[in-house]
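Chain by chain, the residues run as shown.
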Amino acid sequence: MNKGIIFCGVGGDGIITASNICAVALMRANFDVKKSEVHGMSQRGGSVNAFLVFGKKVYSFLPAKGSLNYMFASEKLEALRNVDYLNPDSKLLVNDRIVPIVGANIDEVQIEESLKSYSLDLKLVNFNDVAKQHNMQKAVNTIMLGYFSKIIEIDKKHFIRAISETLNTKLIDINIEAFEVGFNLQ
């Protein structure tokens, strides 16, 4: 049976890069992978989504509402905006932060309560704080990927290889280190 992941965040969060690394890792784990992206106004902090479907053989990569198994969200508001793609058995990894919207009043408590009101397996972690503790502020998503690899149960060796194959040579070592930080989080 095929499984699906939604990666969601805002422009500048690195959602496309994180989804690319995950796609390569899944291919290295011998899955067929299909990917699609939506990033219209991403240069202005707009929504960015990437969808991955993986399995023995994938014929379609456009997921229906309620069909995805996993969510990787770089912030809570985007997680809430995309929760319709999930089902009651879905697992979510959400960075415990909200990107401010210019001119909007955001009730952080209400957003978090709304997100938690869905009967989903939610892991809410402030990965920005983890990154600061390790002086890795530019590798937040890679720390998240380390944690996420355990949720989707894909051997970390495939992610390490994917990082090496996907990123610029200068960024590989710090991102492998960041991945290990996330992988070792409890």
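Here, the structure is the one placed above.
Every value quoted in this text rests on a predicted model; they were computed, and no experiment measured them.

Here is what the cut-offs are and how they apply
Residues numbered from 1 in each chain as written. Predicted model: local features only at pLDDT ≥ 70, side-chain atom pairs only at ≥ 80, totals over all residues. Heavy atoms only, no water. Helix = DSSP H or I, 4+ residues; strand = E, 2+ residues; numbered from the N terminus. Buried < 20%, exposed > 50% of the residue type's maximum accessible area, 1.4 Å probe, protein only. Contact = heavy atoms within 4.5 Å. Areas by Shrake-Rupley, 256 points an atom, 1.4 Å probe, with all protein chains shown as cover. Lys, Arg positive; Asp, Glu negative; His and termini not counted. Charge placed at Lys NZ, Arg CZ, Asp CG, Glu CD. Polar contact = N/O pair within 3.5 Å; in protein donor to acceptor, adjacent residues only side chain to side chain. Phe/Tyr/Trp six-rings, centres within 6.5 Å; stacked < 30°, edge-to-face > 60°. Lys NZ or Arg CZ within 6 Å of the ring centre and 35° of its normal.

Novice: A description of the overall build of the chain should follow, citing residues and the corresponding values.
Specialist: Broken down by element type, the chain carries 7 helices and 6 strands. When the elements of the chain are put in sequence order from the N terminus, they spell out β-α-β-β-β-α-β-α-β-α-α-α-α. When each of the 186 residues of the chain is scored for burial, the buried share is 49%. Expressed as a percentage of contacts within the chain between residues at least 6 apart in sequence, the contacts between residues at least 24 apart total 63%. Total accessible area on the chain is roughly 9,700 Å²; 49% of this is exposed by carbon and sulfur atoms. Across the chain, 21 positive and 20 negative side-chain charges occur, with their mean positions spaced 7 Å apart.

Novice: Break down the environment of Asp155 for me, with residues and values.
Specialist: By the secondary structure assignment, Asp155 is in the loop between helix H5 (140-151) and helix H6 (156-166). Considered as a pair, Asp155 and Ala25 are 130 residues apart in the sequence and their alpha carbons are 8.8 Å apart. Within the local environment of Asp155, its side chain forms a polar contact with the backbone nitrogen of Lys157, the two atoms lying 2.9 Å apart.

Novice: Now, about the packing of aromatic side chains: what can you tell me, with residues and values included?
Specialist: Applying the stated criterion across every chain, the model contains 9 aromatic pairs. With 5.1 Å between their ring centres and 80° between their planes, Phe31 and Phe54 make a pair best called edge-to-face. Residue Phe31 is found in the loop between helix H1 (15-28) and strand E2 (32-38), and its partner Phe54 is found in strand E3 (residues 47-55); the two are separated by 23 residues along the sequence. On the basis of relative accessible area, Phe31 is assigned to the partly exposed category, the value being 29%. A network of ring pairs unites the aromatic residues Phe7, Tyr70, Phe72 and Phe148 as a single cluster. Its end group placed over the ring of Tyr147, Lys150 keeps NZ or CZ at 4.9 Å from the ring centre. For Lys150, the ring lying beneath its charged end belongs to Phe183, and the centroid distance is 5.6 Å.

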